[in-house]
Structure formats: C-alpha cells, structure tokens
Amino acid sequence: MNWKSILSTMKPYAPGRSIAEVKRIYGLQEVHKLASNENPYGTSPAVAEYLSACADQFEMYPDVYTSGLRTTLAKHHQVEPSELLISNGSDEMVTIISRALLQPGVNTVMASVTFPQYVHNAKIEGAEIRQVAMLENGDHDLEGFLEAADEQTAIIWVCNPNNPTGNFLSSQTIKDFLDRAPKTALIVLDEAYFEYVTSSEQENAIRWIHDYDNLLISRTFSKAYGLASFRIGYAVANEGIIQELNKVRNPFNTNTLALGAAEVALADQQFLNDCVTKNEAERNRFVAYARENQLAIYPSETNFVLIEVPIDADEACEILLQHGYIVRSGNLLGTPGYVRITIGTEQQNTGLFKAFDQLLTNK
Ligand SMILES: *Cc1c(COP(=O)(O)O)cnc(C)c1O
C-alpha cells in the first residue's frame, strides 16, 4: 500500500505500564501511577453526581457546536463563544492545528525537549521541523526560536509550563516574544498546566488574544480538573483563527457526557483551588528532597517534576516499579539521567521518596 513514507520511521505512542500490569508482574498489592500527570485527587465530586443523573438521549449525536460548554467557558474567560474551539483533549487540538497549517514547504518551530505531539504531527503533515535546544536551566530558548523562524514558519509551539521539564516562562517574557515573532506564524501557547502555576509572574494569556491576532491559547480539562478520561481540551484565539480550525475539526469530535462533565468540573473552582494548593505544598517537598540528596531538579510550576537519578533512568524506573511506583523514564522523553514524576498525594510522595532512597543507596 502507499503509506506516507514518513510512517516507516515512526512508532505508535508507547504508554507506560498500567497499574494492573505492574501489580501482576511484580506481585504487588498497591501500585501508584505517577507517570502521566493525572490529578491524584481525582475530579470534582459533582462530576460523578452529574453522570449518575444523566441517563437519556444516548442515541443522539452530540451538539456539533458544543454550545453548552462553549458558552460556559466564554463566560468563565470573558471571551466570545466564537473565540473558542473545543477538542477531544488538547492532543487533538495539536492535530487540528497541524492539519490546518502544516504541509510540505512550510516549517514549524518548537523546543527540544518539549511535548512530543508537536513533532509527531508535523512529521505526518510533511512539514520541516525546527527544534531549538532548550537553555541549560530548561527554559525555551526564545531568542533561538526567533532565529529559527522565517516567512515559511506556519506554527511556533510554546509549551508553558513546558512538559517534561515543568519550566515556566513569565508573561512578560512571552509578550516580549510575541512582539517580535513573525506575524505570519501561528503562535500556539500550550497551557495544559496553566491552573497549577503559582508564580506571581503569570497573567491570564487569554487577555491577549485581541492584542496578538496570531496567538492561540490551548488549555485542557485533563490535568488540574482531573478529567483525563473524558478528553476535553479547548483553544482560545480570535474568531478568524477559530473559523479556519473549525473547517478541519471533525463535527462530532467530542461527546455529550464529556462536554457535560467539563461544565460541571469548571463550576467547582473550590475543588480546583484545593488541588492546586496541595500540589504546591507537595511540589515543595520534591524540591526539598532533591536538595537534601543533591539531585538536580528542574524548576517546576506544574504537577510533575523532572528529577535527576544517580543511575540509568530506565534502571531507576525499574527499581521504582518494583516498589510500586510507575514514573516516566527520561530516556523516553529526551532527558536521559532524569525521570519525570507526577506529584502525588502526601502519602504517595512519602512512599515514593522511600523507594527513591533505594536508588541512592544503590549507586
Ligand atoms: C498532557 C498534555 C497535553 C494533552 O492533554 P489532553 O488534553 O489530555 O490531550 C497537551 N499538552 C501538554 C504539554 C501536556 O502535557
């Protein structure tokens, strides 16, 4: 068959081990998955209530216009509903944006290392990929981005905070970049971890969409809202951008239950704030643990940390698995010598530190 030739060089997404698998393989009773940056506190209890109460009209297609969630989000963010697009997770947003803008002859600029789906989609669309090495502290090299970009640049991906480092760029830094970036390129600000940022140097970038008409902000319900299983992400940008992306979007890309669950979760800001407060306290414990043990750690503003390991990262993951902790090896993420750990609950983290101690005595 005539597959796109690039596919021969690509692999499907490799998920980490599941809890059930690890229990079986290692004969463990208790296993904690701290690998995918899911919310360890679950989701708002109002979501379960909503789901048990909604029991009709499953035979109907979802609302093509996603009017309910779009109107609610528009109010929440003080934008027009026409300035919003809802997707099947922000993963799908990356696909929609790439499909609309990338093709052979254009290029796309991003950091190395960053969220791998930008490269993945660019390959499929046949665009040239320009990766700019991160600075030593893990920040995006935005000066390098400007040097790499030209009139053929269709998309610039700014992942803020960045996955897998957790690094955060201040709003002032981003605005200075937007002022100088080519106006012909769409600047995607992927803010999957926006809600977790506690730095005082973060403004709500959604306020800027009328100042920069090539700016798109991507957010998700998967992380701080704890709705990863429902797959709801959204973009905020000026109407012209949303109109073009809507041509590419599958009409029924999100489902009725998920749209409803997201509305309910959005209404429970108390739950969100509690999660963010607990996450910050636990994040500080990781920083303290790294310092005590003289391990490098990137400055995270998210619900995960990228922390140095004293042995090979795959071996470190293996030892942590034996103790019932699933984390992500830096060897997979482009950061050898490090593992990415989702910040769990207080109890999970205490257990994780104990298991991590084993790596230190083994070195
Ligand atoms: C988790 C993550 C996403 C994907 O989130 P979904 O909405 O679950 O698809 C997007 N971007 C970054 C940087 C992420 O870490």
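Shown above is the structure to which this text applies.
Residues numbered from 1 in each chain as written. Predicted model: local features only at pLDDT ≥ 70, side-chain atom pairs only at ≥ 80, totals over all residues. Heavy atoms only, no water.

Caption draft 1: Quick look at the overall build of the protein. Helix and strand counts for the protein come out as 13 helices and twelve strands. For a compact globule of 363 residues, the expected C-alpha radius of gyration is about 21 Å, and the protein comes in at 21 Å, within 12% of that figure. Projected onto its principal axes, the C-alpha coordinates of the protein cover approximately 55 × 55 × 55 Å. A burial count over the protein gives 53% of its 363 residues as buried. (Helix = DSSP H or I, 4+ residues; strand = E, 2+ residues; numbered from the N terminus. Rg over C-alpha atoms; globule rule 2.2 N^0.38 Å. Buried < 20%, exposed > 50% of the residue type's maximum accessible area, 1.4 Å probe, protein only.)

Caption draft 2: Geometry of the sheet that holds strand S7 (residues 215-220). Strand order in this open sheet of seven strands is S2-S8-S7-S6-S5-S3-S4, and the pairing throughout is mixed. With one partner strand each, in any of the chains shown, strand S2 (84-87) and strand S4 (128-133) form the two edges of the open sheet. Taken over all neighbouring pairs, the strand axes of this sheet differ in orientation by 20 degrees on average, direction set aside. The pairing of strand S3 (residues 107-112) with strand S5 (residues 153-159) spans three bridges and is parallel. Note on S5: the bridge partner recorded for Asn 107 is Thr 153. (Pairing = 2+ DSSP bridges. Axes fitted to C-alpha atoms, helices over the stretch in contact; angles between N-to-C directions.)

Caption draft 3: Looking closely at the side chain of Arg 219. For Arg 219, the position within the fold is in strand S7. Reaching out from Arg 219, the side chain makes a polar contact with the side chain of Glu 191 at a distance of 2.8 Å. Within the local environment of Arg 219, its side chain forms a polar contact with the side chain of Asn 204, the two groups lying 2.8 Å apart. Ignoring anything within four residues of it in the chain, the contact list for Arg 219 reads His 77, Ser 90, Glu 191, Phe 194, Glu 195, Asn 204, Ala 205, Ile 206, Gly 233 and Tyr 234. (Polar contact = N/O pair within 3.5 Å; in protein donor to acceptor, adjacent residues only side chain to side chain. Contact = heavy atoms within 4.5 Å.)

Caption draft 4: Quick look at the environment of Leu 216. Tracing the chain through its elements places Leu 216 in strand S7. Residues Leu 216 and Pro 299, 83 residues apart in the sequence, show an inter-C-alpha distance of 25 Å. With residues up to four places along the chain from it excluded, the contact list for Leu 216 reads Ile 97, Leu 186, Ile 187, Val 188, Leu 189, Ala 235, Val 236, Ala 237, Ile 241 and Leu 245.

Caption draft 5: Summary view of the site of the ligand. In the vicinity of the ligand, 13 residues are found, and the nearest of them are Ser 90, Tyr 193, Thr 220, Ser 222 and Lys 223. Tyr 193 places a polar side-chain atom, nitrogen or oxygen, 2.6 Å from an oxygen atom of the ligand. Alone, the ligand offers 390 Å² of accessible surface; in the complex the protein occludes 93% of this. Broken down by element, the residue count for the shell around the ligand peaks at three residues, all from helix H4 (residues 89-101). The class makeup of the residues in the shell around the ligand is four nonpolar, five polar and four charged. (Near = heavy atom within 4 Å. Areas by Shrake-Rupley, 256 points an atom, 1.4 Å probe, with all protein chains shown as cover. Nonpolar A, V, L, I, M, F, W, Y, C, P; charged D, E, K, R; others polar.)

Caption draft 6: Quick peek at the packing of aromatic side chains. Using the criterion set out here, one finds eleven aromatic pairs in the structure. Ring geometry for Tyr 61 and Phe 252: centres 4.5 Å apart, planes at 25 degrees, overall stacked. Of this pair, Tyr 61 sits in the loop between helix H2 (45-53) and helix H3 (67-77) while Phe 252 is found in the loop between helix H8 (239-248) and helix H9 (256-267), placing the two residues 191 residues apart along the sequence. By relative accessible area, which is 37% here, Phe 252 ends up partly exposed. Judged by centre distance (4.8 Å) and plane angle (65 degrees), the ring pair of Phe 286 and Phe 353 falls under edge-to-face. On the criterion of sequence distance, the pair formed by Phe 286 in helix H10 (residues 269-292) and Phe 353 in helix H13 (residues 346-362) is long-range, its members being 67 residues apart. We note that Phe 286, like Phe 353, is buried. Here a set of aromatic residues connected by ring pairs shows up, and it is made of Phe 286, Tyr 289, Phe 353 and Phe 356. One Lys or Arg, Arg 340, reaches over the ring of Phe 304 and ends 5.8 Å from the middle of that ring. (Phe/Tyr/Trp six-rings, centres within 6.5 Å; stacked < 30°, edge-to-face > 60°. Lys NZ or Arg CZ within 6 Å of the ring centre and 35° of its normal.)

Caption draft 7: Quick peek at a nonpolar patch on the surface. Nonpolar side chains collect at one region of the surface, where Met 1, Trp 3 and Leu 7 lie side by side and expose about 440 Å² of accessible area between them. With respect to the helices, strands and loops of the structure, Trp 3 is situated in the segment before helix H1 (19-26). (Patch = residues over 30% accessible without salt bridge, like charges linked within 9 Å, V, L, I, M, F, W, Y side chains within 5 Å. Salt bridge = Lys/Arg side-chain N within 4 Å of Asp/Glu carboxyl O.)

Caption draft 8: Highlighting the sheet that holds strand S9 (residues 304-308). One open sheet holds the three strands; their spatial order is S9-S12-S11, and the pairing between them is antiparallel. Taken across any chain shown, the strands that pair with only one partner, and hence form the sheet edges, are S9 and strand S11 (328-329). Inspection of the sheet shows S9 paired to strand S12 (residues 338-342) by five bridges, in the antiparallel sense. When the bridges of S12 are listed, Leu 306 appears paired with Arg 340.

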